[in-house]
Amino acid sequence: MSLVQSIVYTDSTQVLFPGNVGINILNNSTKICTFDCPYCYLGPTEIKVNQIKSELQFLSVEEVVEALASVLDERQALNKLPSAIEISGNGDPSLSSLLSEQIEAIRYERDKRSPKTRILFLTNGGNLDNKKIIQSLQGVDEVIVKLDAGDDRNFNIANKPLIRVNVSRIISACKSFENLSLQGHFFSGPNNNSSNEAIEEWIEVVGMIRPKKVYLMTTTQSPAVPDVLPVEEDLLYVIASKLKRRTEITAEVL
Ligand code: SF4
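Residues numbered from 1 in each chain as written. Predicted model: local features only at pLDDT ≥ 70, side-chain atom pairs only at ≥ 80, totals over all residues.

The next thing to look at is the overall build of the chain. Assigned secondary structure in the chain consists of 9 helices and 9 strands. Relative to the compact-globule value of 18 Å for 254 residues, the chain shows a C-alpha radius of gyration of 18 Å, a close match. Dimensions along the principal axes, computed over C-alpha positions, put the chain at roughly 50 × 40 × 35 Å. Here the chain holds 254 residues, and 44% of them are scored as buried. Within the chain, counting contacts between residues at least 6 apart in sequence, those at least 24 apart form 75% of the total. (Helix = DSSP H or I, 4+ residues; strand = E, 2+ residues; numbered from the N terminus. Rg over C-alpha atoms; globule rule 2.2 N^0.38 Å. Buried ≥ 20, exposed ≤ 12 C-beta atoms within 10 Å, placed from the backbone. Contact = placed C-beta atoms within 7 Å.)

Turning to the packing of helix H3 (residues 61–77) against helix H4 (residues 99–113), a few remarks are in order. It is at 10 Å that the axes of H3 and H4 come closest, and there the two elements cross at 25°. Regarding the angle of H3 to H4, the classification is roughly parallel. In terms of crossing hand, the pair formed by H3 and H4 is right-handed. Residue-level contacts link Val61, Val64, Val65, Leu68, Ala69, Leu72, Asp73 and Gln76 of H3 to Glu101, Gln102, Ala105, Ile106, Glu109 and Arg113 of H4. Across the contact of H3 with H4, the residue classes break down as 8 nonpolar, 2 polar and 4 charged. (Axes fitted to C-alpha atoms, helices over the stretch in contact; angles between N-to-C directions. Parallel < 35°, antiparallel > 145°, perpendicular 65-115°, else oblique. Left-handed = near helix turned anticlockwise from the far one by under 90°. Nonpolar A, V, L, I, M, F, W, Y, C, P; charged D, E, K, R; others polar.)

No statement about biological role is implied by the geometric values presented.
Okay, here's the thing in structure tokens:
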């Protein structure tokens, strides 16, 4: 597999919005995350948090630039430049030790090759109280934070964090961003985050954070834990409608 194929995603199952280009700024062979969500299609998180900075090599700025330039040139030739570049990864991209340089390089290539394309950053939000990361993310057009629960019990079920983080910390971290959206993933099964009570708590917290947008989804790919099941699509529309009624915040079902 070429470098471009291994770090740039264009398949609709790997990007949040069809037609976008996703770029993995982490290591291209290992899942690197501070959460261990049971629904994760990347499988269980096996790398320990203390191994992340000491043992892993992140993709260099040159590799990121080479891959992005190649895919944008290809899209230009087809007259199909993407609406957005989604910065993601095999895990949480905020863990990259080269984050600031990588974002700067992505902005440079975007400005040069496709200035109308927006830059989105997808994160689990676990590290967003870090000043350096907050600063780096001021360079993107939209920060999309995962929020699957409004209380710590359901947060632990839905995200199984491997670092000290809780819902209150995520709420205050979100306040650092004006261009903030939230992404809520709901699932069913023996351990789930989709009970009425869990949804009510989630709506309350979204109302406190007041993101610009909310995206709702369920499990559509093979989950890390086999007994995780998708919720009915109707439930996502019910959540969107309750959210709108109570908070005036619009949610889009993906
Ligand atoms: S935060 Fe994302 S990458 Fe990390 S375990 Fe959860 S779903 Fe997977």
